[in-house]
Amino acid sequence: QVQLVESGGGLVQAGGSLRLSCAASGRTFSTWRMGWFRQAPGKEREFVTAISWSNGNTYYADSVKGRFTISRDYAKNTMYLQMNSLKPEDAAVYYCAASPTNYLYRVSAAEYDYWGQGTQVTVSS
């Protein structure tokens, strides 16, 4: 059973930084992709970024490119999202997700089979 557990959310001022973590367990993920999504109140869940577990290739939404960095620790089965230069519009519940397919550019939430419980990120202006 695949389990994803996020941590690291919180309150930060605009311009500040946060690092989210997602601990994955339940199987080996060598051929999988993992990603981060976010959902603000009243809005649909949107893609943020994804990473290929095997080779570390990444893909970002335009809205976060240059500010957010996704990475993974292969040995620890943990994924990270470093968020810098945070803006009020980045505030949302952030979810990590996993998919057994490795199509980084397919950004629909429906492409992902497993989800964490979410962690709240609040950005004050």
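Conventions we followed
Residues numbered from 1 in each chain as written. Predicted model: local features only at pLDDT ≥ 70, side-chain atom pairs only at ≥ 80, totals over all residues. Heavy atoms only, no water. Helix = DSSP H or I, 4+ residues; strand = E, 2+ residues; numbered from the N terminus. Rg over C-alpha atoms; globule rule 2.2 N^0.38 Å. Contact = heavy atoms within 4.5 Å. Areas by Shrake-Rupley, 256 points an atom, 1.4 Å probe, with all protein chains shown as cover. Disulfide = S-S within 2.5 Å. Buried < 20%, exposed > 50% of the residue type's maximum accessible area, 1.4 Å probe, protein only. Pairing = 2+ DSSP bridges. Axes fitted to C-alpha atoms, helices over the stretch in contact; angles between N-to-C directions. Polar contact = N/O pair within 3.5 Å; in protein donor to acceptor, adjacent residues only side chain to side chain.

Trainee: How would you summarise the overall build of the chain if you had to cite specific residues and measurements?
Mentor: Per the secondary structure count, the chain includes zero helices and 11 strands. The order of α-helices and β-strands along the chain, N terminus first, is β-β-β-β-β-β-β-β-β-β-β. For 125 residues, the compact-globule formula gives about 14 Å, and the C-alpha radius of gyration of the chain, at 13 Å, lands near that figure. Sequence-distant contacts, at least 24 apart, represent 59% of the contacts inside the chain between residues at least 6 apart. For the chain, the exposed surface amounts to about 6,300 Å²; the carbon and sulfur share of it is 46%.

Trainee: Could you give an account of the state of the cysteines, naming the residues involved and the relevant values?
Mentor: Covalently bonding the sulfur atom of one cysteine to the sulfur atom of another cysteine gives a disulfide. Throughout the structure, instances matching the rule amount to one disulfide. In this model, Cys22 is linked to Cys96 through a disulfide, with the two sulfur atoms separated by 2.1 Å. For the disulfide bridge between Cys22 and Cys96, the dihedral angle about the S-S bond is near 60 degrees, and by the sign convention the bridge is right-handed. Note that Cys22 is positioned in strand 3 (residues 18–25) and Cys96 in strand 9 (residues 92–99), a separation of 74 residues in sequence. Classification of Cys22 by relative accessible area gives buried; the value is 0%. Under the relative-accessibility criterion, Cys96 is labelled buried at 0%.

Trainee: Can you explain the environment of Ala91? Please cite residues and give values.
Mentor: If you trace the backbone, Ala91 turns up in the loop between strand 8 (78–83) and strand 9. Expressed as a C-alpha distance, the spacing of Ala91 and Ala110, which sit 19 residues apart in the sequence, is 22 Å. Contact partners of Ala91, with chain neighbours within four places excluded, come to Ala40, Val121, Thr122 and Val123.

Trainee: Outline the sheet that holds strand 7 (residues 68–73), listing residues and values.
Mentor: Spatial ordering of the open sheet is given by 1-3-8-7, a layout of four strands whose pairing is antiparallel. Looking at which strands have only one partner, the edges of the open sheet turn out to be strand 1 (3–7) and strand 7. Here the average twist between neighbouring strands, direction ignored, is 15 degrees. Sheet analysis places strand 3 next to strand 8, joined by six bridges and oriented antiparallel. The residue bridging Ser21 from the neighbouring strand is Tyr80, located in strand 8.

Trainee: With reference to specific residues and values, describe the side chain of Arg33.
Mentor: Tracing the sequence through the fold places Arg33 in strand 4 (residues 33–39). Of note is the side chain of Arg33, whose polar atom sits 2.5 Å from the backbone oxygen of Tyr103. In this structure the side chain of Arg33 is engaged in a polar contact, spanning 3.0 Å, whose partner is the side chain of Glu111.

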